[in-house]
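Single-letter residue listing:
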Amino acid sequence: GELRSQIPPWTPSAWPSLFTGTNPGRHGLFDFLAFDGYEWDVVDATRLRERTVWEYLSNAGYESVVVNVPVTHPPRQFDGALIPGYTAPEDPPCHPEGLLDDVRDAVGSYRVYPDPGSDPASDDYAAHREVVRSRGEAFTYLADRFDPDFGFLQFQQTDTVFHRYPDDWDAVSAVYEAADAALERV
């Protein structure tokens, strides 16, 4: 069927609409920035006015693992594990505390955002493929550790590749092949 977004169709309002089941008028997030007079900041979960699906599940006795979902920083308390995604800082606090260090010990590097050019010997897409790989491995590790009833894994790179490399179908193929491989492992 036809896939439709909500209005406005922006990352910081669409993702909270998906994971709260409400529109921006209810959950309170409309754009990448939030203003208080002339002061502004990047939106985050502190401005979210509705509960998430994993919070509802937690209240019903179910455990969840959430990896890389945008606008989930800082994480709120629930039964399970959460590594924030887009709009979070590079080394975000996770739930439970210390989770990111555990994940990095288990799966190697884990970054919220790719670091292109960090390895001069590799091609330019390597950092993007590495971020995708680490998402899948982090989710698999956490699913094995927590044995959740619900899981939510998001690969931001399948969107970012179109912004970073417009009209570069080699880049798109590289990222989507990495996402396919990660999903197969998950």
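Remember, predicted model here, so these are calculated numbers, not experimental data.

J.: What am I meant to see in unusual backbone geometry here?
T.: Residues apart from glycine generally show negative phi values, whereas peptide bonds are mostly found in trans. Note the cis peptide between I7 and P8, where omega equals -5 degrees. Mapped onto the elements, P8 comes out in the segment before α1 (11-20). Residue P74 follows H73 across a cis peptide bond; omega there is -10 degrees. Summarising the element assignment, P74 is placed in the loop between β3 (64-69) and β4 (80-84). Phi is positive for D147, close to 50 degrees, though the residue is something other than glycine. Here D147 lies in the loop between α5 (126-146) and β5 (150-153). Phi is positive for D167, close to 65 degrees, though the residue is something other than glycine.

J.: What am I meant to see in the pattern of salt bridges here?
T.: Under the defined criterion, the tally for this structure stands at eight salt bridges. Here R111 ties to E90 by a salt bridge, and the two come within 3.4 Å at their closest N and O atoms. Highlighted residues: R111 in the loop between α4 (99-107) and α5 and E90 in the loop between β4 and α4, separated in sequence by 21 residues. Residue class for R111 comes out partly exposed when judged on its relative accessible area of 32%.

J.: Quick question: what am I supposed to make of the nonpolar core here?
T.: Nonpolar side chains tend toward joint burial in soluble globular proteins. Counting residues in hydrophobic clusters, the biggest one holds 14 residues, and the most contacted among them are V65, I83, L99, V103, Y110 and L142. Contributions of two or more residues to this core are made by β3, β4, α4 and α5. L99 has contacts with A81, L82, I83, C94, L142, R145 and F146, leaving out every residue within four places of it along the chain.

J.: Quick question: what am I supposed to make of the packing of aromatic side chains here?
T.: Two aromatic rings are characterised by how far apart their centres lie and by the angle between their planes. Inspection of every chain in the model, using the stated rule, returns ten aromatic pairs. The interplanar angle of 85 degrees and the centroid separation of 6.4 Å between the aromatic rings of F150 and F152 together place this pair among those described as edge-to-face. F150 sits in the partly exposed class, given a relative accessible area of 25%. Aromatic ring contacts, followed pair by pair, group W15, F19, W54, F150 and F152 into a single cluster.

J.: Hey, could you run me through the pairing of strand β2 (residues 39-42) in this one?
T.: The side chains of a regular strand alternate between both faces of the sheet. Bridge count for strand β1 (residues 33-36) against β2 is four bridges, and the pairing is antiparallel. Directly across from A34, in β2, lies its bridge partner D41. Remark: two residues form the turn of the hairpin made by β1 and β2, two consecutive strands paired antiparallel; G37 in that turn has positive phi of roughly 65 degrees.

J.: What am I meant to see in the packing of α5 against helix α7 (residues 169-185) here?
T.: Two quantities define a packed helix pair, namely the angle between the helix axes and the distance between the axes. Between α5 and α7, the least distance of the axes is 9 Å, while the angle of their chain directions is 15 degrees. In terms of axis orientation, α5 runs roughly parallel to α7. Judged by the sense of rotation from one axis to the other, the crossing of α5 with α7 is right-handed. Of the residues in α7, those in contact with H128, R129, V132, R133, G136 and T140 of α5 are A174, V175, A178, A179, A182 and R185. Its residues placed into classes, the contact of α5 with α7 shows six nonpolar, three polar and three charged.

Calculation notes
Residues numbered from 1 in each chain as written. Predicted model: local features only at pLDDT ≥ 70, side-chain atom pairs only at ≥ 80, totals over all residues. Heavy atoms only, no water. Helix = DSSP H or I, 4+ residues; strand = E, 2+ residues; numbered from the N terminus. Salt bridge = Lys/Arg side-chain N within 4 Å of Asp/Glu carboxyl O. Buried < 20%, exposed > 50% of the residue type's maximum accessible area, 1.4 Å probe, protein only. Core = buried A, V, L, I, M, F, W, Y, C linked by side-chain atoms within 4.5 Å. Contact = heavy atoms within 4.5 Å. Phe/Tyr/Trp six-rings, centres within 6.5 Å; stacked < 30°, edge-to-face > 60°. Pairing = 2+ DSSP bridges. Axes fitted to C-alpha atoms, helices over the stretch in contact; angles between N-to-C directions. Parallel < 35°, antiparallel > 145°, perpendicular 65-115°, else oblique. Left-handed = near helix turned anticlockwise from the far one by under 90°. Nonpolar A, V, L, I, M, F, W, Y, C, P; charged D, E, K, R; others polar.

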